[in-house]
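A closer look at the structure
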Amino acid sequence: MIERATIERELRLLTELAPAGYFVGLHIRFASPLMTFQTYDSAWIDRYTSQAYAMRDPMTAWGFSTVGAARWSDIDIPDPFGIMKEAASYGLKYGVQVSCGPISSRTISAVARSDREFTDAERDKVWRIVERMHDMTEPPENLTQAQVEALRLVAAGDRHAAAAAKLGISESALKARLTSARQRLMARTTAEAIQRAKDARLL
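No experiment lies behind these values; they were computed from the predicted model shown.

This part takes up empty space enclosed by the protein. Scanning the model with the defined rule gives 1 cavity of 30 Å³ or more in all. Estimated volume of the largest cavity: approximately 50 Å³. Lining the largest cavity are H27, R29, S32, P33, L34, P139, R196, D199 and A200. Residue assignment for the lining of the largest cavity shows that the elements contributing at least two residues are β1 (21–29), β2 (32–38) and α9 (190–199). Its residues assigned to classes, the lining of the largest cavity comprises 4 nonpolar, 2 polar and 3 charged.

What follows covers the environment of F23. Tracing the backbone shows F23 in strand β1. It is 12 Å that separates the C-alpha atoms of F23 and R113, two residues lying 90 residues apart in sequence. Ignoring sequence-local partners within four residues, the contact set of F23 consists of T36, F37, Q38, Y40, I108, S109 and A110.

What follows covers the nonpolar core. Core analysis: the largest hydrophobic core is formed by 23 residues, its most contacted members being L14, Y22, F37, V111, V126 and M133. Elements supplying a minimum of two residues to this core: α1 (4–17), β1, β2, β4 (94–100) and α5 (120–136). The greatest single-element share of this core, amounting to 5 residues, is contributed by α5. Among residues more than four places away in sequence, those in contact with V111 are L14, A18, G21, Y22, Y40, W72, Y94, G95, V96, F118 and V126. Membership of the second largest hydrophobic core comes to 18 residues, among which are L151, L153, L174 and A187.

All right, on to the packing of aromatic side chains then. Scanning the model with the defined rule gives 4 aromatic pairs in all. Ring centres of W44 and Y90 lie 5.1 Å apart, and the angle between their planes is 45°; this geometry places the pair in the tilted category. Residue W44 is located in helix α2 (residues 42–50), and its partner Y90 is located in the loop between α4 (83–88) and β4; the two are separated by 46 residues in the primary sequence. Exposure remark for W44: the relative accessible area of 3% places this residue in the buried category. Y90 sits in the partly exposed class, given a relative accessible area of 30%. Seen in terms of ring centroids, Y48 and Y53 are 5.8 Å apart; in terms of plane orientation they differ by 85°. Their pairing is edge-to-face. Relative accessible area serves as the criterion here: at 4%, Y53 is assigned to the buried category. An aromatic cluster of at least three residues, connected via ring pairs, comprises W44, Y48, Y53 and Y90. Over the aromatic face of F81 sits the side chain of R56, whose NZ or CZ is 4.5 Å from the ring centroid. Of note, R113 hangs over the ring of F118, and the distance from its end group to the ring centre comes to 5.7 Å.

Parameters at a glance
Residues numbered from 1 in each chain as written. Predicted model: local features only at pLDDT ≥ 70, side-chain atom pairs only at ≥ 80, totals over all residues. Heavy atoms only, no water. 1 Å grid on protein atoms, 1.4 Å probe; cavity = no way out; pocket = protein on both sides within 12 Å on 5 of 7 lines; lining within 4 Å. Points joined across faces, edges and corners; volume = space filled by probe spheres on them. Helix = DSSP H or I, 4+ residues; strand = E, 2+ residues; numbered from the N terminus. Nonpolar A, V, L, I, M, F, W, Y, C, P; charged D, E, K, R; others polar. Contact = heavy atoms within 4.5 Å. Core = buried A, V, L, I, M, F, W, Y, C linked by side-chain atoms within 4.5 Å. Buried < 20%, exposed > 50% of the residue type's maximum accessible area, 1.4 Å probe, protein only. Phe/Tyr/Trp six-rings, centres within 6.5 Å; stacked < 30°, edge-to-face > 60°. Lys NZ or Arg CZ within 6 Å of the ring centre and 35° of its normal.

Any functional reading would require information that these geometric values do not contain.
Printed below as a string of structure tokens:
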């Protein structure tokens, strides 16, 4: 089971390489990532979100059509909405885009800086970090029947005592099932575990 500390260690490596911030969307399935991490300027995140730029971002389009790593300046995709020019005004002038994994579970990441282009060595280092994160966060193919039952009852609104009674187990046994489900899904809370299980079509 991957520990969150391991993911955070990889994110720290990205932070060192991306003084203007980064975005990581891990295992994008059904248009939604299993996990998202980003450190871009909050003003840019707000602008990007409010304008639904993800649907028109040329770098995102590249990420879904290509597997690999490339500097933004080397990616020749039309940008009719001027998203990259606007991003530069928020300090995201130079960047590297990374895409890995099958299209059914694609990971897309970008790192940025405002002062200079990324070197080939830096581009390759970013690629290796993102690939490691993709591999270590591979969603489970299934949950145990006990985990599914526990998550379903809580998702339906049952409190722990009621859910345990329906399953004919103790409340502590129910909590143990929920804990194991959270660990398997790499979720911090039961609500997050339920959402991830739904996103992965496990519930």
